[in-house]
Amino acid sequence: MIEVRIEFDDEAQYERLKELKKHRGLTWKGLLLEGEKKVREDTPE
């Protein structure tokens, strides 16, 4: 298993993402994968 460490710029940024994760019912991994999906959708090949 690969582990990833994320450093946030400040407490507010961490809290914002934590609340989004909780609201969507995701894990940190799930939030990251949802972000990847959105970036791929928004980025032309």
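Described below are features of the structure shown in this document. Here the residue numbering is sequential within each chain, running from 1 through the sequence in written order. Per-residue local features are limited, in this predicted model, to residues with pLDDT of at least 70; the limit for side-chain atom pairs, both in listing and counting, is 80 or more; totals at the level of whole chains, interfaces and linings are taken over all residues. No hydrogens and no water enter the side-chain calculation; it runs on all heavy atoms of the structure.

Let's shift gears to the packing of aromatic side chains. For Phe, Tyr and Trp, where Trp contributes only its six-membered ring, two rings pair if their centres lie within 6.5 Å, and the inter-plane angle classes them as stacked under 30 degrees, edge-to-face over 60, or tilted in between. Per the counting criterion, the structure on display carries three aromatic pairs. Taking the centre distance of 6.0 Å and the plane angle of 50° together, the rings of Phe8 and Trp28 count as tilted. Taken as a pair, Phe8 in the segment before α1 (11–24) and Trp28 in helix α2 (residues 28–42) lie far apart in primary sequence, 20 residues in all. For Phe8, a relative accessible area of 27% puts it in the partly exposed group. Relative to Trp28, the ring of Tyr14 has its centre 6.0 Å away and its plane inclined at 25°; by these criteria the two rings are stacked. On the criterion of sequence distance, the pair formed by Tyr14 in helix α1 and Trp28 in helix α2 is long-range, its members being 14 residues apart. Here's how the labels work: a residue is buried when its accessible area is under 20% of the maximum for its type, exposed when over 50%, partly exposed in between, all with a 1.4 Å probe on protein chains only. We classify Tyr14 as partly exposed; its relative accessible area is 27%. In this structure Trp28 comes out as partly exposed when scored by relative accessible area, which is 34%. One aromatic cluster is present, built from ring pairs that chain together Phe8, Tyr14 and Trp28. What counts as a helix is a DSSP run of H or I of at least four residues, what counts as a strand is a run of E of at least two, and both are numbered from the N terminus.

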